[in-house]
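Structural overview
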Amino acid sequence: MALAAAMLALSVPAAASAQTAGNVVEALPPPTGLSPFFTPATATPSSPDADGFLRRWLLLEPISKPNRTNAGFTSAYVREALSSAHYPGRFDALPRDGEATTAPGTPRWHALDTNLFDVKLFSLAQGLGKPTYGVIFWAVTVVDSPREIRDVRLAVGSNSASVWWLNGKETVGLFGDRRMVMDDVLSRPVTLRKGRNVLRGAVINGPGLSDFCIRLLDDSGHPIRDIKVDVK
């Protein structure tokens, strides 16, 4: 996790000179560092916060996917753009902190704890001096449950569209031009296995901010908090 710690410093190298949002080419500002929105993940598993939100994630640096607006994010378009076939690596494997992918620009994974209930993807990109518009972000985390829990729902909010998989199966999708609202969309009921559960997702955005938040709700609609969250 040394790479994530290094990226928090304000003296990270200068970034590429421009990014494309639709047909507009914009200069990239210098990296600002990831503080105050993120801290490096520690060796100790984390717990959901008081409201049940998952705050530890492996986040991939943004991959360019130019879109002039978010209006075209239909379910068909988003499912194609964010399909497992486009995942930058093995979809059945857990990436590691600092691992580079074969996607254009060789984006790297970062093991981070978010300091807020929502994961500020725009701030991640800006902090690393990466493109902030017309991009796709991938996120992965591991949920360790002390028991099998049935009728669980993933409660997701994202800006803009996103798709999420639990243990390799698509579980919930958010489509259209939308702002991040907590519990915006609930998944169908699913089962949380006893032990390790891999939660994987992708967020696509054109112009504007990018972020997401996720928590797991039980069959009564209460946040599940007696779980551990880690990235290994």
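Quick summary incoming for the structure in this document. The structure displayed is predicted, hence computed values, not measured ones. (Residues numbered from 1 in each chain as written. Predicted model: local features only at pLDDT ≥ 70, side-chain atom pairs only at ≥ 80, totals over all residues. Heavy atoms only, no water.)

**Points about the overall build of the protein**
A count of helical and extended segments in the protein gives 3 helices and 16 strands. For the protein, the proportion of contacts with a sequence separation of at least 24, taken over those separated by at least 6, is 79%. Carbon and sulfur atoms make up 53% of the accessible area of the protein, which amounts to about 10,300 Å² in all. (Helix = DSSP H or I, 4+ residues; strand = E, 2+ residues; numbered from the N terminus. Contact = heavy atoms within 4.5 Å. Areas by Shrake-Rupley, 256 points an atom, 1.4 Å probe, with all protein chains shown as cover.)

**Quick look at the pattern of salt bridges**
If you walk through the whole model with that rule in mind, you get 12 salt bridges. Of the charged contacts, one joins E61 and K130 as a salt bridge, the two residues approaching to 3.8 Å between their closest N and O atoms. Placement of E61 in the loop between β4 (56-60) and β5 (63-64) and of K130 in the loop between α3 (121-128) and β8 (135-145) is noted, with a sequence separation of 69 residues between them. Assessed through its relative accessible area of 5%, E61 is described here as buried. By relative accessible area, which is 28% here, K130 ends up partly exposed. Counted as one network, the salt bridges with shared partners bring together R56, D113, D230 and K232. (Salt bridge = Lys/Arg side-chain N within 4 Å of Asp/Glu carboxyl O. Buried < 20%, exposed > 50% of the residue type's maximum accessible area, 1.4 Å probe, protein only.)

**Some details on unusual backbone geometry**
A cis amide bond links S35 to the next residue, P36, at an omega of 10°. Along the chain, the position of P36 falls in the loop between β2 (24-27) and β3 (38-40). The amide bond that connects N159 to the next residue, S160, takes the cis arrangement and shows omega of 5°. The topology assignment puts S160 in the loop between β9 (149-159) and β10 (161-166). For T106, which is not glycine, the phi torsion reads 45° and is therefore positive. Secondary-structure assignment places T106 in the loop between α2 (75-81) and β6 (109-114). Although it is not a glycine, D183 adopts a positive phi angle of roughly 55°. The residue D183 is located in the loop between β11 (169-174) and β12 (185-186) in this model.

**Here we look at α3**
Of all 8 residues that make up α3, 7 are buried, and the element is covered over most of its length. One or two steps after α3, the chain reaches G129, where phi turns positive at roughly 70°.

**A look at the nonpolar core**
Core analysis: the largest hydrophobic core is formed by 34 residues, its most contacted members being W57, L59, W164 and F212. Counting residues in each nonpolar core, the second largest holds 22 residues, with F73, F91, V163 and A202 among its members. (Core = buried A, V, L, I, M, F, W, Y, C linked by side-chain atoms within 4.5 Å.)

**Observations regarding the environment of K120**
Following the sequence through the fold, K120 ends up in strand β7 (residues 119-120). Owing to a relative accessible area of 25%, K120 belongs among the partly exposed residues under this scheme. In the structure, K120 is positioned 90 residues away from S210 in sequence and 6.6 Å away in space, judged by C-alpha atoms. For K120, the contacting residues outside a window of four places in its chain are F37, F38, S210 and D211.

**Quick look at the packing of aromatic side chains**
By the definition in use, this model includes 11 aromatic pairs. Taking 4.9 Å as the distance between ring centres and 50° as the angle between the ring planes, the aromatic pair formed by W164 and F212 counts as tilted. Of the two residues, W164 is situated in strand β10 and F212 in strand β15 (residues 211-217); the sequence distance between them amounts to 48 residues. Assessed through its relative accessible area of 1%, F212 is described here as buried. Taken together, the ring pairs in this structure connect Y87, F91, W109, W138 and W165 into an aromatic cluster. Above the plane of the ring of F91 lies R200, whose end atom (NZ or CZ) is 4.8 Å from the centre. (Phe/Tyr/Trp six-rings, centres within 6.5 Å; stacked < 30°, edge-to-face > 60°. Lys NZ or Arg CZ within 6 Å of the ring centre and 35° of its normal.)

**A few points about the pairing of β4**
With 5 of 5 residues buried, β4 is to be regarded as a mostly interior element. Here β4 shows no split at all, with R56, L58 and L60 on one side and W57 and L59 on the other all buried. As paired strands, β4 and β6 are joined by 5 bridges and run antiparallel to one another. Across the sheet, residue L59 finds its bridge partner in β6, namely H110. Sheet topology note: the β4/β8 ladder contains 2 bridges and is antiparallel. (Pairing = 2+ DSSP bridges.)

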